[in-house]
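# Fold and contact review
Each chain, letter by letter, is given below.
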Amino acid sequence: MCGIIGYIGNREKKEILLDGLKELEYRGYDSAGISILSNNELFTFKTTGKLINLETKCKDFTSNGFGIAIGHTRWATHGKATEINAHPHSSEESSIVHNGIIENYLEIKNELENKGWTFLSQTDTEVIVHLFEENLKSVENPLSAFKKTIDRLNGSYAILLITKKAPDRIFYAKNGSPLLIGINGDEVFFASSSTPLIGLVKEVCYLEDGDNGYINKDNFKTLKNVQPMNGEKISSQKDGYRYFMEKEIYEQHRILQDTIRGRILNDGISLELPSNFIDNINRITICACGTSYHAGLSAKYLFEREAKIKTNVIIASEFRYSNPIMEKDELFIVISQSGETADTLEALKLANKNNLKTLAICNVENSSIVREAKYSLLTRAGIEKGVASTKAFSSQVMLLWILGIYIAQNKNNISKDSIQKQIKNMYNSLKATKVNTKIHDRLKKLSKRYLHGHGFFFIGRDVFYPLALEGALKLKEISYLHAEGYPGGEMKHGPIALADSELFCVSLMPKHLLYEKIKNNTEELSTRDATICVISQECSDVADDVVLIDKYESYMEEFFAMMIVVQILALEIAIRLGNDVDMPRNLAKSVTVE
Ligand code: AGP
């Protein structure tokens, strides 16, 4: 989704902006631009498409000496992905970049048009820069004009503004969209996430909602809540893999070791939570979006089966406006890879407002969601670059499973023997995520038979139902083929009407959970001539194709082994179709608008 970079200092500003924007590239965007104010001249360059286009456009431009600069990658919300709609947006003497959505922009636009302002773009953002210049006419200084402008905005925003009226400073405002200020000596950086700042700055300040003002070389020392910048520069190398997604699939067995480190002990489960964490908790609500929602759905089965605690799972965008009933004895869990998903963050804020005990399961330390939640557990998957989530999902499921056993243990709902059995299954599940290259080769060959047809159904039962949803989501995200996940038993209640030889059905058939039931459901589809691809450790005579996984002793091991298969199947189909696997069309890695 949209990304922001800002810089105050003496270095070559174009390079700083382009390097920063490259670090944000994996998040998804459709156009980009930069504005540099140096020697009282304002230069703006914008292009559609990839950053290489922007680099080419400004290749002959240099800016020596002190200056201020802002850059942006845009993921279109208001107005198509055109050069004119790309940020920065400029008025006569100022330029602005913005993440988020200004909800009352049409009202402001009408007012400004009546006062003679002309708009070039269809964006909500352009109103901010013209409103700022309009306000400059009636107030004594740029800061007051900026504050007056911000006061007028409804919606979510992270904003940077530069103006010839104050060429030594960057004005900023944050509400609902992340924005950070990084400091290195007397240089100041801004970014919409920490990734571009790692390695560049020594200290960072995570701005809070409602923060606004300006920063220049003199006042940044007065910033509050400055903390050391942690984190290592992420590897931008694919390490021989064709795509980051492929690398991340192969990494899973290694990162899961980090997920469980210090949490699975010889005599039970230990988590970084207070010992009375689960006291007075009698029910759980899990709230998330997309893949994280699927991880939450798997957790429902595990929590209810193992910890015997009632669990409700809801999509965050549905939760917010449904007047949800929140009970005092409820634990509210949000799950998010990025920690910045707007719908999930807002749901969490609502739960906090209602004084619920809130827990974030998240992959990004210091993200908005981690900072908002009362408690948090990190999944430790390392930065995920592929837009289609893989290792984030496996680490979420593993951590939620651990949490389920932790709850069972602390509520005395589980015997010592059962804890030991679960721990053994966890270790074995971790091993099950190591990619078997023979299975990968088989999927590579098989993928050519699944490039057409009128749709895919992934079916599974119990925890394999959320895995079916996740398999279908992976496939549609990167192959652009229509795919749905369904509970196996639900097909005959409607969807089976679609069955014919051009309907592909990927059936998840675990030996250790409801095998006969899902086999019957698969047979019902086979009888109606659907093309069946079974994933199982057992051979199957109802299948057109069988992807045999290794032999496992528990259903969760089968879950993780099948997860690898559905991820690779989607990857290989998308590669054969010639798609950009890491940056699929229309998608953003971190969805910071609702
Ligand atoms: C997964 O492949 C997706 N790209 C998407 O569904 C994602 O899981 C969702 O947007 C939630 O993101 P989060 O985990 O960062 O909150």
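Residue indices follow the written sequence of each chain, beginning from 1 at its first position. Local features are withheld for residues below a pLDDT of 70 in this predicted model, meaning they are given only at 70 or higher, and side-chain atom pairs are given and counted only at 80 or more; totals for whole chains, interfaces and linings count all residues. Side-chain descriptors were evaluated using all non-hydrogen atoms of the structure, hydrogens and water having been removed beforehand.

## Overview of the environment of Lys-424
- Runs of E in the DSSP output that reach at least two residues are strands. Runs of H or I that reach at least four are helices, and both are numbered from the N terminus. Along the chain, the position of Lys-424 falls in helix H12 (residues 416-432).
- Look at Lys-424 and you get partly exposed, because its relative accessible area is 46%.
- Note: C-alpha distance between Lys-424 and Ile-309 (115 residues apart in sequence) is 22 Å. Relative accessible area decides the class of each residue, using a 1.4 Å probe on protein chains only: under 20% of the type maximum gives buried, over 50% gives exposed, and in between gives partly exposed.

## Quick look at helix H13 (residues 437-446)
- Residues of H13 that are buried: Ile-439, His-440, Leu-443 and Leu-446. Projected down its long axis, H13 carries its buried residues within an arc of 125°, all on one side. Opposite the buried face of H13, by more than 90 degrees, sit the exposed residues Lys-438 and Lys-445.
- Buried positions along H13 lie against helix H6 (244-260), strand S24 (531-536), strand S25 (545-548) and helix H16 (555-576). Think of it as the arc spanned by the lines of direction from the helix axis to the C-beta atoms. Any pair of residues with heavy atoms lying within 4.5 Å of one another is described as a contacting pair.

## Comments concerning the site of the ligand
- Each residue is tested against the molecule or strand, and it is near if at least one of its non-hydrogen atoms lies within 4 Å. Around the ligand sit 15 residues in total, of which Ser-292, Ser-336, Gln-337, Ser-338 and Thr-341 are the nearest.
- Note that an oxygen atom of the ligand is positioned 3.1 Å from one of the backbone N or O atoms of Thr-291.
- As used in this structure description, the phrase polar contact means that two N or O atoms lie within 3.5 Å; if the pair is within protein, one of them must be able to donate a hydrogen and the other to accept it, and residues adjacent in sequence are counted only when both atoms belong to side chains. In the environment of the ligand, an oxygen atom lies 3.0 Å from a nitrogen or oxygen atom belonging to the side chain of Lys-474.
- Across the complex, the protein chains shield 91% of the 410 Å² of accessible surface that the ligand would expose by itself.
- Each residue is assigned to one class: nonpolar for Ala, Val, Leu, Ile, Met, Phe, Trp, Tyr, Cys and Pro, charged for Asp, Glu, Lys and Arg, and polar for all the others, Gly among them. A breakdown of the residues in the shell around the ligand according to their chemical character gives 5 nonpolar, 8 polar and 2 charged.
- Residues from two domains meet in the shell around the ligand; each of domain 2 (239-433) and domain 3 (435-594) gives at least three. Every accessible area reported is derived by Shrake-Rupley at a probe size of 1.4 Å, with residue values counting cover from the shown protein chains alone. Each domain's extent was defined by an automatic or database domain assignment.

## With respect to the domain arrangement of the chain
- Looking at the assigned domains, one finds that the chain contains domain 1 (3-228), domain 2 (239-433) and domain 3 (435-594).
- Using C-alpha coordinates to define each centre, domain 2 is positioned 24 Å away from domain 3.
- With both sides pooled, the region where domain 2 packs onto domain 3 buries about 3,700 Å², and carbon together with sulfur makes up 63% of that total.
- Salt bridges, as used here, are contacts in which a Lys or Arg side-chain nitrogen is within 4 Å of a carboxyl oxygen on Asp or Glu. Along the contact surface separating domain 2 from domain 3 lie 4 salt bridges.
- Close ionic contact of Glu-572 with Arg-242 constitutes a salt bridge, the shortest N to O distance being 2.7 Å.
- Here domain 2 is connected to domain 3 by 18 residue pairs in polar contact (both at pLDDT 80 or more).
- Taken together, the elements giving at least two residues each to the side of domain 2 that touches domain 3 come down to H6, helix H7 (290-307), helix H9 (342-353), helix H11 (391-410) and H12.
- The leading source of residues in the side of domain 2 that touches domain 3 is H7, at 9 residues.
- A breakdown of the residues in the side of domain 2 that touches domain 3 according to their chemical character gives 17 nonpolar, 16 polar and 10 charged. Two parts lose some accessible area (1.4 Å probe) when they are put together, and adding that loss for both gives the buried area.

## Quick look at the side chain of Thr-433
- Tracing the chain through its elements places Thr-433 in the loop between H12 and H13.
- Apart from the residues within four sequence positions on either side, Thr-433 is in contact with Gln-252, His-253, Leu-256, Phe-560, Met-563 and Ile-564.

## A few points about the sheet that holds strand S2 (residues 31-38)
- Across the sheet, which stays open at both edges, the 8 strands sit in the order S3-S2-S4-S1-S10-S9-S11-S13 with antiparallel pairing between neighbours. Two strands lie at the open edges of the sheet, namely strand S3 (41-48) and strand S13 (226-228), each paired on one side alone. The sheet shows a mean angle of 15° between the axes of neighbouring strands, taken without regard to direction.
- Sheet topology places S2 next to strand S4 (residues 67-74); 8 bridges connect them, and they run antiparallel. Bridging across to S4, Ser-38 finds its partner in Gly-67.
- A fitted line through C-alpha atoms serves as each axis, taken over the contacting stretch for helices, and the angle formed by two N-to-C directions is quoted from 0 to 180°. Contacts from helix H1 (residues 13-24) reach strand S1 (3-9), S2, S4 and strand S10 (187-191), with the element oriented near 155° to S1. Being paired, for any two strands, means DSSP has found at least two bridges between them.

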